[in-house]
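Breakdown of the fold
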Amino acid sequence: MDNSTVYVRERGSLRRVSDIVLAHPKPVSSPSSSSSCRRTNPFVLKKEHFIFTYNAEGSLRYTTKSLFDITLLFVADNIHHVDSLVGFPEQIGDRLFAAAEENHVFSNADISTKALQLFSDAYKEMVLRSLCLRNRFPLLHERMSEIRTFHSLKSLDLFGCRLGDDHEIFLHLTSSSLASLIQLFIGGNSLSDVGLQKLTAPIRMMRKGLDCLQVLDLSYNPITERAFRYLTCLPKLEKLDISGTSFKLGSRLRTTIWDLLGLIYSEEPLNTFDHVRCKTEGWAEQVVHQWETNNSHMPKQKKIEESRSSALRFFGRQKFVRDVLNAAPLLCQSAEDTKSETLRFYRPAANSHIPEKQTPAATYHPAKHSCLNIKKRQRQSERCDSSHQSPPTKRPSSSALTAEDMDLLNSY
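Residues numbered from 1 in each chain as written. Predicted model: local features only at pLDDT ≥ 70, side-chain atom pairs only at ≥ 80, totals over all residues. Heavy atoms only, no water.

Side note on the overall build of the protein chain
Using the following cut-off: Each helix corresponds to a stretch of at least 4 residues labelled H or I by DSSP, and each strand to a stretch of at least 2 residues labelled E; elements are numbered beginning at the N terminus. Working definition: with a 1.4 Å probe on protein chains only, accessible area under 20% of the residue-type maximum means buried, over 50% means exposed, and in between means partly exposed. Only heavy atoms enter the contact rule, under which two residues are in contact if any of them lie within 4.5 Å.
Across its full length, the protein chain carries 14 helices and eleven strands. Out of the 412 residues belonging to the protein chain, those deemed buried represent 40%. The contacts of the protein chain with a sequence gap of at least 6 include a subset with a gap of at least 24, amounting to 73%.

Digging into the pattern of salt bridges
This is how it is decided: Note on definitions: salt bridges are taken to be side-chain nitrogens of Lys or Arg within 4 Å of carboxyl oxygens of Asp or Glu.
If you walk through the whole model with that rule in mind, you get twelve salt bridges. Its salt-bridge partner being Asp166, residue Lys198 comes within 2.0 Å of it at the nearest N-O pair. Highlighted residues: Lys198 in helix H7 (residues 193-205) and Asp166 in the loop between strand S6 (155-157) and helix H6 (169-173), separated in sequence by 32 residues. For Asp166, a relative accessible area of 62% translates into the label exposed. Note that Arg344 is salt-bridged to Asp241, the shortest N-O span being 3.4 Å. With a gap of 103 residues between them, Arg344 in strand S11 (residues 344-346) and Asp241 in strand S9 (residues 239-241) connect regions that are remote in the sequence. Neither residue differs from the other here; Arg344 and Asp241 are each classed as buried. The network of salt bridges with common partners includes Arg129, Lys279 and Glu281.

Remarks on unusual backbone geometry
Look at Lys124: it is not a glycine, yet its phi comes out positive at around 50°. Looking at the element boundaries, Lys124 is found in the loop between helix H3 (112-123) and strand S5 (130-132). Note on Lys124: relative accessible area 45%, which makes it partly exposed.

As for H3
Which entries qualify depends on this criterion: One less than the number of residues in a helix, times 1.5 Å, gives the span that helix is expected to have.
For H3, built from twelve residues, the straight-helix expectation of 16 Å at 1.5 Å per residue is met to within 8% by its first-to-last C-alpha distance of 16 Å. All buried positions along H3 are accounted for by Ser112, Ala115, Leu116, Leu118, Phe119, Ser120 and Tyr123. Directly after H3, the chain includes Lys124, whose backbone phi takes a positive value near 50°.

What about the sheet that holds strand S7 (residues 183-185)?
The test is simple: At least two DSSP bridges between two strands are needed for those strands to be called paired.
Pairing is mixed in the open sheet, where seven strands are placed in the order S5-S6-S7-S8-S9-S11-S10. Looking at which strands have only one partner, the edges of the open sheet turn out to be S5 and strand S10 (264-265). Pairing of S5 with S6 involves three bridges; the strand directions are parallel. Within the sheet, the bridge partner assigned to Leu131 lies in S6 and is Leu156.

Here it is as structure tokens:
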């Protein structure tokens, strides 16, 4: 059968697939090796097609696997040839993902991105609904292409990942693939007002990206009062953490955040920002853990090809990751451990009573001011909605399109 032609029936017609290169056989070190015995012809019976057990007398017995299991293993080995998994039942996708993970498909840098993209397009948040990369700077930069394939994330923790103001992850955060993001933790990243301007530019100017965000962690970042004006475009923002910044709790800070965002200071600790429940959840949970383990125990490359790209990969990326792993911790990480003023704000319920000391001034009436604040935010959102059609003659500086905003608009 080595030279025979293989046909498959697709949509009522036959299609030849003999020109597709199937998965290469894995080398076997010795005849007694316990690794799977791969052969060139995928249709010849393989050792992994049998289940070996022992009976009560100690004799070796074997039974054949079902045709479904054999087919599942074959598809997992050649997942990079699959065009789409859309329409396949969730049970099939779960077992196929487990089979691909067992065969270390997602550890292969050549096919891992496409394989994860297939599963993410078909099964969305079931593949990964929460991703915690807290203080995992090497993992984020080493697996950036794979992380972009995770669609429909609900929670993303990037605390202490050294993002700065110009990281490429911002394009992914503001894309339509992460429109369902609810919680975002970007504290301890040396993020300034410029970075927040870029992060909120799509929703301010094009009404897309982060419009479902409810929880935002900006702690231990060098932000100023200007940053709050960029956050007014987040319609569903309910909780905000600005601990460890240059702000001090006072009447001015309470007034600014109340007027712009409609949030009040939390006297009680907000468990949302304690990161106790923040963890990686989904089918790809073990895949992310394997990436982290492989990066922390990165083996030396046995053979370096005589090409410039190979040399750059060896001396650039791998040495860079090793240096980062051995580097000193970030200042923001040590600052997080020190005692600092906790500044966490939340949106009160519509029917809840706001204590008088929470109001910026004694003359404020909570219920009346709440209604006025809601109307004010509605007017701001209406002006933001109509800004792309016919800009008014006079607008507040927070929503004005500056030259930097126009450059950002062109970049997106």
